[in-house]
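Close look at the chain arrangement
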Amino acid sequence: MTGVPASAAGGASGARAAAGAAAATSAASGKAPGAAAARSAEGAASGAGHGAAADAGPGGAAGAGPGPEVGPGGPAVVGPGVGEAVVGEDVGVDAQGEGKTPRGKKIAAAAVNEASVWNVANLLTMLRLVLVPAFVALMLADGGYDPAWRAFAWAAFAIAMITDLFDGHLARTYNLVTDFGKIADPIADKAIMGAALICLSALGDLPWWVTGVILGRELGITLLRFLVIRYGVIPASRGGKLKTLTQGVAVGMYVLALTGWLATLRWWVMAAAVVLTVVTGLDYVKQAIVLRRQGIAERKAALEEKEA
């Protein structure tokens, strides 16, 4: 029989002999005998199958392809598993790339985060900050008593107060809350209100003690929020929102050059604003004390539970 592999000629015994010879060769070369024997057995079995097909059919030489061939006086030699090597390389590439974010995606994400600062809510906050010096200039123009300039100053103040109502709502509704907005929004609120109160007191239209009470309360509550933020956040109350609205209306009426019964009305509106300022300020102090006590108690309980 010509062209038939040795493993095919001996059937199963030939395959076992080829596997043994391959194992001996691998051991002599320092390779792992298990893997070499397995590949030799697989090649031998394949060669046996093709050899059988060659015996059954007339074209025996055409059927003896993949099986290991026997050299003159030597054992069957099986090459390395090329398919296994390729698969191993693919897995290695996948394992190396898995869990890592491409550099381009990181840059794109950073660009999106940077661009999110320039949203509508933050732009309105920036507008209020720009309106502060504009309001002061209009308020003090021509000695500060010209009705026309005071009307322009009132328009700037009104725009600032209206945008204060919209920027927070837009940020919460459309998820536009940013670190810049958290810091700049309260600064813009206090800046426009403080500028208006100081200008009115400097011009003699509003007693300094009113300005002192309102600004002292605003700055004090802001500082108090930062002191207790480790224990929690003091939520804005309805009284605080009503106070802000009343202050805005009262200061706006004082900015305008009003006479007659409107001048008397603005005095009562400012009185209501001062009362709400004091009452809500005391309420915030009470909430801060309760929040601090609760936070200390929770920390103490957690520490005792951890030690136990």
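On a predicted model such as this, the values are computed, not experimentally measured, just so you know. (Residues numbered from 1 in each chain as written. Predicted model: local features only at pLDDT ≥ 70, side-chain atom pairs only at ≥ 80, totals over all residues. Heavy atoms only, no water.)

**Focus: unusual backbone geometry**
Its identity as a non-glycine residue notwithstanding, D142 has a phi of 55°, on the positive side. Structurally, D142 can be placed in the loop between α6 (120-140) and α7 (147-173). Classification of D142 as exposed rests on a relative accessible area of 58%. (Helix = DSSP H or I, 4+ residues; strand = E, 2+ residues; numbered from the N terminus. Buried < 20%, exposed > 50% of the residue type's maximum accessible area, 1.4 Å probe, protein only.)

**Remarks on the side chain of N122**
Looking at where N122 falls in the secondary structure, it is placed in helix α6. In contact with N122, other than residues within four places in its own chain, are S116, V117, T178, F180 and G181. (Contact = heavy atoms within 4.5 Å.)

**Quick word on the packing of aromatic side chains**
Under the criterion given, the structure shown has 3 aromatic pairs. Each ring, one from F135 and one from F157, has its centre 5.9 Å from the other, and the planes form 45°; the classification is tilted. Remark: F157 occurs in helix α7 and F135 occurs in helix α6; sequence separation between them is 22 residues. Here F135 matches F157 in class, with each residue buried. A centroid spacing of 4.9 Å and a plane angle of 90° characterise the contact between W267 and W268, whose relative ring orientation is edge-to-face. (Phe/Tyr/Trp six-rings, centres within 6.5 Å; stacked < 30°, edge-to-face > 60°.)

**What to know about a nonpolar patch on the surface**
A surface patch of nonpolar side chains, about 270 Å² in accessible area, is lined by L129, I183 and I187. Checked against the element boundaries, I183 lands in helix α8 (residues 179-202). Among the residues examined, I183 registers a relative accessible area of 55% and is labelled exposed. (Patch = residues over 30% accessible without salt bridge, like charges linked within 9 Å, V, L, I, M, F, W, Y side chains within 5 Å. Areas by Shrake-Rupley, 256 points an atom, 1.4 Å probe, with all protein chains shown as cover. Salt bridge = Lys/Arg side-chain N within 4 Å of Asp/Glu carboxyl O.)

**Some points on the packing of α7 against helix α10 (residues 238-255)**
Axis separation between α7 and α10 bottoms out at 9 Å; the angle between their running directions is 165°. One way to sum up the angle between α7 and α10 is to call them roughly antiparallel. Between α7 and α10 lies a crossing of left-handed hand. Residues R150, A153, W154, F157 and M161 of α7 form the contact with α10, whose participating residues are T244, G248, V251, G252, Y254 and V255. (Axes fitted to C-alpha atoms, helices over the stretch in contact; angles between N-to-C directions. Parallel < 35°, antiparallel > 145°, perpendicular 65-115°, else oblique. Left-handed = near helix turned anticlockwise from the far one by under 90°.)

**Some remarks on the pattern of salt bridges**
Scanning the model with the defined rule gives 7 salt bridges in all. The closest approach of N and O atoms between R128 and D167, which form a salt bridge, is 2.5 Å. In this pair, R128 sits in helix α6 while D167 sits in helix α7, placing the two residues 39 residues apart along the sequence. Neither residue differs from the other here; R128 and D167 are each classed as buried. Between D185 and R128 there is a salt bridge, with the nearest N and O atoms lying 2.9 Å from each other. Placement of the pair is D185 in helix α8 and R128 in helix α6, with a sequence separation of 57 residues.

**Brief notes about the nonpolar core**
Grouped together as the largest cluster of nonpolar side chains are 29 residues, with contacts concentrated most on F135, M139, F157, V251 and M270. Residue assignment for this core shows that the elements contributing at least two residues are α6, α7, α8, α9 (208-227), α10 and α11 (261-307). Per-element accounting of this core gives the leading share, 7 residues, to α8. Look past the residues within four positions of V251 in its chain and what remains in contact with it is F157, M193, A196, L197, L200 and M270. Core analysis: the next-biggest nonpolar cluster, separate from the first, contains 7 residues, L224, V228, Y284 and L291 among them. (Core = buried A, V, L, I, M, F, W, Y, C linked by side-chain atoms within 4.5 Å.)

**Section: α9**
Each α-helix turn comprises 3.6 residues. Residues three or four places apart therefore point the same way. In this model α9 runs 28 Å from its N-terminal to its C-terminal C-alpha over 20 residues, within 8% of the 28 Å that 1.5 Å per residue would give. Among the residues of α9, V210, T211, I214, R217, E218, I221 and L224 are the ones counted as buried. In this structure, the buried residues of α9 make contact with α8, α10 and α11. (Expected span 1.5 Å × (residues − 1).)

**A closer look at the confidence of the model for the chain**
In low-pLDDT regions, the fine details of the predicted coordinates are not to be read closely. Looking at the chain as a whole, the pLDDT averages 72, with 63% of positions reaching at least 70. Segment residues 106-115: pLDDT under 50, and 1 contact once partners within four positions in sequence are set aside and those in other chains are kept. (pLDDT = per-residue confidence, 0-100.)

**Digging into α7**
The terminal C-alpha atoms of α7, which comprises 27 residues, lie 39 Å apart, in line with the 39 Å expected from a rise of 1.5 Å per residue. Where α7 begins, the side chain of D146 points an oxygen toward the backbone nitrogen of A148, at a separation of 2.8 Å. In the stretch just after α7, N175 is the one whose phi turns positive, near 55°. (Polar contact = N/O pair within 3.5 Å; in protein donor to acceptor, adjacent residues only side chain to side chain.)

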